[in-house]
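Reading the structure
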Amino acid sequence: EAQVTQNPRYLITVTGKKLTVTCSQNMNHEYMSWYRQDPGLGLRQIYYSMNVEVTDKGDVPEGYKVSRKEKRNFPLILESPSPNQTSLYFCASSLTGSSGNTIYFGEGSWLTVV
Amino acid sequence: AQSVTQPDIHITVSEGASLELRCNYSYGATPYLFWYVQSPGQGLQLLLKYFSGDTLVQGIKGFEAEFKRSQSSFNLRKPSVHWSDAAEYFCAVGARSGGTSYGKLTFGQGTILTVHP
């Protein structure tokens, strides 16, 4: 079954404690990205990756890091989380970067920073 | 840069009534257009998409959307709403060509739908 899997699904953490949200896809997709969802703002892209070792900033990259060492994995790293990073995070993947490809979203990760 | 506006933050309808959710986009050419639905506590589900051809697009759960180039709109409609349609709805656009927007979906702010029995 085609899947984008995110972990953890729910997390409460404290300010400044580094955390990683993992994302894995089983479809051999080249393109992966991270979005955050905030009330009244919809979803905004944080980072994206066109392929292994190729990553770039999206619209709201401040405070986040990513890496793409393997095709299937695209972890989101919060080096020093702050309360304004409390949000719902979605990982997405597609065959290539064309929006004409089907985009698969993960189930979402609820992150609370206190 | 592409952008999407959903003018209605919250809409309330009675069960069985018709529904129209508005979406306006800004893009230099004809974009790819999408509608997603998010039920409370759930992820995103694709309702329908427009790539080209017939401007009236049919989707799942009885939804349809009409692309109107002259109005830069892609409104979502359903003739008879069910209580299970209560959710948040997002309109999104995707770029057809390369550049900084390639691969990115730009989402509207979302419209929360409440359905009264």
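To be clear, the structure that these remarks concern was listed above.
Here the structure is a predicted model, which means the values were calculated and not measured. The residue numbering used here restarts from 1 in each chain and proceeds along that chain's sequence as written. Chains carry letters and ligands carry numbers; both start at the beginning, A for chains and 1 for ligands, and go up in the order they are written. Totals for whole chains, interfaces and linings use every residue, but because this is a predicted model, local features are given only for residues with pLDDT of at least 70 and side-chain atom pairs only at 80 or more, for both listing and counting. With hydrogens and water excluded, all non-hydrogen atoms of the structure serve as input to the side-chain values.

Oppositely charged side chains are able to pair whenever their charged atoms sit close together. The salt bridge criterion pairs a side-chain nitrogen of Lys or Arg with a carboxyl oxygen of Asp or Glu, the two atoms within 4 Å. The final tally for this structure, using the stated rule, is 8 salt bridges over all chains. The shortest N-O distance in the salt bridge between aspartate 85 of chain B and lysine 78 of chain B comes to 2.8 Å. Residue class for aspartate 85 of chain B comes out buried when judged on its relative accessible area of 4%. One network of salt bridges, with partners in common, ties together Arg36, Asp38 and Arg44 of chain A. For every residue, the accessible area (1.4 Å probe, protein chains only) is compared with the maximum for its type, and the residue is labelled buried under 20%, exposed over 50%, or partly exposed between those bounds.

This part is about the sheet that holds strand S3 (residues 19-25) of chain A. All names here are of chain A. Here 4 strands make up an open sheet; going across it, the order is S1-S3-S8-S7 and the pairing antiparallel. Edge positions in the sheet fall to strand S1 (4-7) and strand S7 (65-66), since each of these pairs with one other strand and no more. At least two DSSP bridges between two strands are required for those strands to pair. Put simply, DSSP H or I for four residues or longer makes a helix, DSSP E for two residues or longer makes a strand, and each gets a number counted from the N terminus. Relative to S3, S1 runs antiparallel, the two sharing 4 bridges. If you follow glutamine 6 over to S3, its bridge partner there is cysteine 23.

Here we take up the nonpolar core. We call a set of buried residues a nonpolar core when its members are Ala, Val, Leu, Ile, Met, Phe, Trp, Tyr or Cys and they connect through side-chain atoms within 4.5 Å of each other. Within the largest apolar cluster, 26 residues are counted, with the highest numbers of intra-cluster contacts made by Trp35, Leu48, Phe74, Leu76 and Tyr89 of chain B. Residue assignment for this core shows that the elements contributing at least two residues are strand S2 (10-14), strand S3 (19-21), strand S5 (32-38), strand S6 (45-50), strand S8 (64-68), strand S9 (73-78), strand S10 (87-94) and strand S12 (111-116) of chain B. The criterion used for residue contact is that any of the two residues' heavy atoms lie within 4.5 Å. Residues contacting phenylalanine 74 of chain B, with those up to four places away along its chain left out, are Cys23, Leu33, Phe34, Trp35, Leu48, Tyr50, Ala65, Glu66, Phe67 and Cys91 of chain B. Counting residues in each nonpolar core, the second largest holds 19 residues, with Val21, Cys23, Trp34 and Phe74 of chain A among its members.

A separate point is the interface of chain A and chain B. Accessible area lost upon the coming together of the parts serves often as the stated size of an interface. With 21 residues of chain A in contact, the opposing surface of chain B contributes 21 residues. The quantity reported as buried area is the accessible area (1.4 Å probe) lost by two parts once they are put together, taken as the sum for both. Summing the contributions of chain A and of chain B, the shared interface buries around 1,800 Å²; its carbon and sulfur component is 53%. Summed over the three residues of chain A that lose the most area to chain B, namely Leu43, Ser99 and Phe105 of chain A, the buried surface amounts to 28% of that side. At the junction of chain A with chain B, the criterion picks out 1 salt bridge. Note that lysine 104 of chain B and aspartate 59 of chain A form a salt bridge whose closest N and O atoms lie 2.9 Å from each other. Side-chain atoms alone can form a polar contact between residues adjacent in sequence; in general such a contact is a pair of N or O atoms within 3.5 Å, and within protein one must be able to donate a hydrogen while the other accepts it. Linking chain A to chain B there are 3 residue pairs in polar contact (both at pLDDT 80 or more). Of all the secondary structure elements, the ones that give two or more residues to the side of chain A that touches chain B are strand S4 (31-38), strand S5 (42-51) and strand S9 (87-94) of chain A. With 5 residues, the single largest contributor to the side of chain A that touches chain B is S5 of chain A.

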